[in-house]
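# Tertiary structure, described
What follows is the residue order along each chain.
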Amino acid sequence: MSKPISLTVLDNGPLKVSADSLTLHYCGEPLEVEAGSDVYICRCGQSKNAPFCDGSHQKVGFVAEPPKGNDKDIKVWEGKTIRTFFNPNTCMHALYCKPLKDLRARELGGDTDAAAEIARVVMSCPSGALNYESTEVTPPQSADGPDIDVREGGECRIQTAFQINATPGERQDMSRATLCRCGLSKNKPWCDGAHKKREDFK
Ligand code: FES
């Protein structure tokens, strides 16, 4: 089994990606990554060689404050057979969670299929802001896709086991996240959907 991908958020600079092997897509197309070499993904949104850093962050004086909030902000919802967690600090507001309100009502009302549906919706959340615990539910299959999916005009999606130093001095294990690369998020390194304000951004 290969080691988790290591992500290092460099101070006021790019995202360093270290991995034994890595699949990376940009605007839906695969990019070749040399096995074992590090990759630097632009976080300031100014690189002329997107998605990679070209040093422009120094010219534009890119400043990235550490993220706000902590685990005390996580909201827990208790169902009969499933518990969900929502971390507002990593949410990119993609709204995949919309069906949850109805599904939760069904689950509490005794609908035995609802917990599995809740788990499927939770695991479709690209930012990983949603998670769940249940001994009753068979984990849904994870979606196929590259380890890192750099979306056209959007965020950098990580969809594999990885470690990251999102909070300075700490490394945490994660398996889904959406990271800012337009430079506008108010909660870097996480995407908060701010790229939608940049029409020129690719
Ligand atoms: S972070 Fe280096 S060019 Fe954007």
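Quick note: structure is the one above.
This text gives an overview of the structure that appears in the document. (Residues numbered from 1 in each chain as written. Predicted model: local features only at pLDDT ≥ 70, side-chain atom pairs only at ≥ 80, totals over all residues. Heavy atoms only, no water.)

On to the sheet that holds strand β7 (residues 83-86), then. Strand pairing within a sheet occurs via backbone hydrogen bonds; the two strands may be parallel or antiparallel. Spatially, three strands are ordered β6-β7-β8 in an open sheet, and the strand pairing comes out antiparallel. Because the sheet does not close on itself, it has two edges, and the strands there are β6 (75-78) and β8 (130-133). Strand-to-strand twist across the sheet, computed as the mean angle between neighbouring axes with direction ignored, equals 20 degrees. Judged from the four bridges that link them, β6 and β7 form a sheet pairing that is antiparallel. Along β7, the bridge assignment pairs V76 with F85. Here helix α2 (residues 100-108) sits on the sheet and contacts β6, β7 and β8; the angle it forms with β6, its principal contact strand, is near 40 degrees. (Pairing = 2+ DSSP bridges. Helix = DSSP H or I, 4+ residues; strand = E, 2+ residues; numbered from the N terminus. Axes fitted to C-alpha atoms, helices over the stretch in contact; angles between N-to-C directions. Contact = heavy atoms within 4.5 Å.)

Glancing now at the nonpolar core. As a rule of thumb, soluble globular proteins bury nonpolar side chains together. Core analysis: the largest hydrophobic core is formed by 22 residues, its most contacted members being L7, V17, I41, I148, F162, I164 and L179. Elements with a minimum of two residues in this core: β1 (5-9), β2 (15-18), β3 (24-26), β5 (39-41), β9 (148-150), β10 (156-158), β11 (162-164) and β13 (177-179). The element contributing the most residues to this core is β1, with three residues. With residues near it in sequence (within four places) discarded, I41 still touches P14, L15, V17, L24, P51, F52, C53, I148, V150 and C156. Grouped together as the second largest cluster of nonpolar side chains are 15 residues, I82, I118, A119 and V137 included. (Core = buried A, V, L, I, M, F, W, Y, C linked by side-chain atoms within 4.5 Å. Buried < 20%, exposed > 50% of the residue type's maximum accessible area, 1.4 Å probe, protein only.)

Moving on to the pairing of β2. Sheet topology note: the β1/β2 ladder contains four bridges and is antiparallel. Note that in β2 the partner of V9 across the bridge is L15. What sits between β1 and β2 in their antiparallel hairpin is a turn of five residues, with N12 showing a positive phi close to 50 degrees. Two strands pair when backbone bridges link them, and β2 and β5 are joined in this way by three bridges, in the antiparallel orientation. Of the residues in β5, the one forming a bridge with K16 is Y40.

Glancing now at the pattern of salt bridges. One pass over the structure, following the stated rule, counts eight salt bridges. Linking E133 and R83 is a salt bridge whose minimum nitrogen-to-oxygen distance equals 2.8 Å. Residue E133 is located in strand β8, and its partner R83 is located in strand β7; the two are separated by 50 residues in the primary sequence. Using a relative accessible area of 41% as the deciding quantity, one classes E133 as partly exposed. Assessed through its relative accessible area of 30%, R83 is described here as partly exposed. Note that D111 and R106 form a salt bridge whose closest N and O atoms lie 2.8 Å from each other. (Salt bridge = Lys/Arg side-chain N within 4 Å of Asp/Glu carboxyl O.)

When you line up the elements, S18 lands in strand β2. Engagement of the side chain of S18 in a polar contact is seen with the side chain of D38, the distance being 3.0 Å. In this view, S18 contacts I5, S6 and D38; residues no more than four positions away in its chain are not counted. (Polar contact = N/O pair within 3.5 Å; in protein donor to acceptor, adjacent residues only side chain to side chain.)

Mapped onto the secondary structure, R43 falls in the loop between β5 and α1 (56-60). Of the side chains with opposite charge, D11 lies nearest to the buried R43, which makes no salt bridge, at 6.5 Å. Engagement of the side chain of R43 in a polar contact is seen with the backbone oxygen of L10, the distance being 3.0 Å. Reaching out from R43, the side chain makes a polar contact with the backbone oxygen of G13 at a distance of 2.8 Å. (Lys, Arg positive; Asp, Glu negative; His and termini not counted.)

For the rest of this paragraph, the subject is the environment of N131. Looking at where N131 falls in the secondary structure, it is placed in strand β8. For the pair formed by N131 and F85, sequence separation is 46 residues and the distance between their alpha carbons is 5.1 Å. When residues no more than four places from it in sequence are discounted, the contact partners of N131 are R83, T84, F85, V122 and R176. At 3.3 Å, the side chain of N131 forms a polar contact with the backbone oxygen of G128. One polar contact links N131 to R176, side chain to side chain, over a distance of 2.9 Å.

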